[in-house]
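# Chains, contacts and geometry: an overview
What follows is the residue order along each chain.
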Amino acid sequence: MEYISTNEFIKQITEGKYPCVVLENDDEEIEFEKITENFKEITSQENHYDYLFAKQQGG
Amino acid sequence: MKRKIDNYKKYFNDSPQNVERLRKLTDSLKEQSYIFYNNNIGDYKISDLISPPNEMLIHEVVINAMIDILRIADFHPVQNPTRYKYAAYVSYWWLRMKPLYPLVHTEKDAGLTAEETIKTVPYTIMTSVNEIFVTDFIRATVGRQKEYKPCIHYKKITDNVNDFLGSFIYFLQYRDFTAKQLELVLKAVNICPIAHILDIHPDSC
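Predicted, not measured: the structure shown is a model, and the values here were computed from it.

As a further point, take the overall build of chain B. On a plain count of helices and strands, chain B comes out with 8 helices and 2 strands. If you take every contact in chain B between residues at least 6 apart in sequence, the share linking residues at least 24 apart comes to 81%.

Structure below.
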């Protein structure tokens, strides 16, 4: 395993090396209309509520 | 002790920006609650099981959440509240006001026997309806956008997602928590790879 410094890691993140890591600008005003659109989109997915029927893994 | 009306005047009387936030958040929550109300869970229409959203209580949720958020902003020099804050404080107050409630009052009204009640989907929906809605609201508020590609195998992450969501609703329903604690949980959940719990496009991997 390759070890890198925190600064190097952050640099790689900002360069897009890890696409699943998100750096966000928390100072932006929230767009509530976008949240409504997201809500509409996720809750319209056919399997959205499958988790209510799934067997829990315990704990 | 400061009355709520005093806080309301303090944060909204001289701030068109806060009034606009209040209006937009209220409109958004009302619209989301009606989208939810008109949706189905499995073979069940949610509107057959619960009353229409109580708009008066939704307004109360938003006022309480906004006053809490703006009070915090007095002590922290941030330009705008984060989406985690909105998700946490709205959820916290939603679960105290509970603007959604079951349409029926007895197992018999629901056409269920006492024995089968606890195992049925309508029972789960009716007893957890506010928690189910809040989970959707949180996912819509802090969820990822479609361009973020999951980095873990789909099947495994789907199992983990289902397990998390089931536990999360249980947590919202039965555990004690503060809005601050919930905010921290949401920030932690949104760290990769667990972030895909909230991925709004799981099909993309």
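Helix and strand content of chain A: 2 helices and 0 strands. The buried share of chain A, reckoned over its 59 residues, is 14%.

Further remarks concern unusual backbone geometry. At Lys98(B), a position not held by glycine, the phi torsion is positive, near 50 degrees. The topology assignment puts Lys98(B) in the loop between α4 (83–97) and α5 (114–117).

Residues and elements named next belong to chain B. Along the chain, Leu22 turns up in helix α2 (residues 16–37). Residue Leu22 is classed as buried on the basis of its C-beta count, with 21 C-beta atoms lying within 10 Å. With 19 residues separating them along the chain, Leu22 and Ile41 place their C-alpha atoms 30 Å apart. Excluding anything up to four places from it in sequence, Leu22 contacts Phe12, Val62 and Met66.

A few words now on the nonpolar core. Residues Val61(B), Val62(B), Ala65(B), Ala87(B), Ala88(B), Tyr89(B) and Val90(B) are the most contacted members of the largest nonpolar core, which totals 48 residues. Elements supplying a minimum of two residues to this core: α2 (32–43) of chain A together with α2, α3 (55–75), α4, α6 (121–142), α7 (154–174) and α8 (179–189) of chain B. No other element matches the 10 residues that α6(B) contributes to this core. Not counting residues within four places of it along the chain, the set of residues in contact with Val62(B) comprises Leu22(B), Leu25(B), Thr26(B) and Leu29(B).

The next subject is the packing of α2(A) against α2(B). Taken N-terminus to C-terminus, the directions of α2(A) and α2(B) make an angle of 10 degrees; their axes are 9 Å apart at the nearest point. Our classification of the angle between α2(A) and α2(B) gives roughly parallel. Residues Phe32(A), Glu33(A), Ile35(A), Thr36(A), Phe39(A), Lys40(A) and Thr43(A) of α2(A) form the contact with α2(B), whose own contacting residues are Lys24(B), Leu25(B), Ser28(B), Glu31(B), Gln32(B), Ile35(B) and Phe36(B). Among the residues making up the contact of α2(A) with α2(B), the classes are represented as 6 nonpolar, 4 polar and 4 charged.

Quick look at the packing of α3(B) against α4(B) now. Residue and element names in this part refer to chain B. The geometry of α3 relative to α4 is characterised by a closest axis approach of 8 Å and an angle of 135 degrees between their N-to-C directions. The angle between the axes of α3 and α4 places the two elements in the oblique class. Two packed elements cross with a definite hand, and for α3 against α4 that hand is right-handed. Residues Leu57, Glu60, Val61, Asn64, Ala65, Asp68 and Ile69 of α3 touch α4, and the partners they reach there are Lys85, Tyr89, Val90, Trp93, Trp94 and Met97. For the contact of α3 with α4, the residue count by class is 9 nonpolar, 1 polar and 3 charged.

Another point: α4(B). Three- or four-residue spacings in an α-helix give side chains the same orientation, since the helix completes a turn every 3.6 residues. Residues and elements named next belong to chain B. Compared with the 21 Å implied by 1.5 Å per residue over 15 residues, the 21 Å span of α4 between its first and last C-alpha is a close match. Among the 15 residues in α4, 12 count as buried, and that is most of the element. Where α4 is concerned, the buried positions are Arg83, Tyr84, Lys85, Tyr86, Ala87, Ala88, Tyr89, Val90, Ser91, Tyr92, Trp93 and Trp94. Among the structural elements, α2, α3, α6 and α8 are those in contact with the buried residues of α4. At the exit of α4 stands Lys98, carrying a positive phi of roughly 50 degrees.

What follows covers α8(B). Within α8(B), burial applies to Ala179(B), Leu182(B), Glu183(B) and Leu186(B). The buried residues of α8(B) occupy an angular sector of 105 degrees when the element is viewed end-on, so they sit on one face.

Conventions and cut-offs
- Residues numbered from 1 in each chain as written.
- Chains lettered and ligands numbered in written order.
- Predicted model: local features only at pLDDT ≥ 70, side-chain atom pairs only at ≥ 80, totals over all residues.
- Helix = DSSP H or I, 4+ residues; strand = E, 2+ residues; numbered from the N terminus.
- Contact = placed C-beta atoms within 7 Å.
- Buried ≥ 20, exposed ≤ 12 C-beta atoms within 10 Å, placed from the backbone.
- Core = buried A, V, L, I, M, F, W, Y, C linked by C-beta atoms within 7 Å.
- Axes fitted to C-alpha atoms, helices over the stretch in contact; angles between N-to-C directions.
- Parallel < 35°, antiparallel > 145°, perpendicular 65-115°, else oblique.
- Nonpolar A, V, L, I, M, F, W, Y, C, P; charged D, E, K, R; others polar.
- Left-handed = near helix turned anticlockwise from the far one by under 90°.
- Expected span 1.5 Å × (residues − 1).
- Arc of directions from axis to C-beta.

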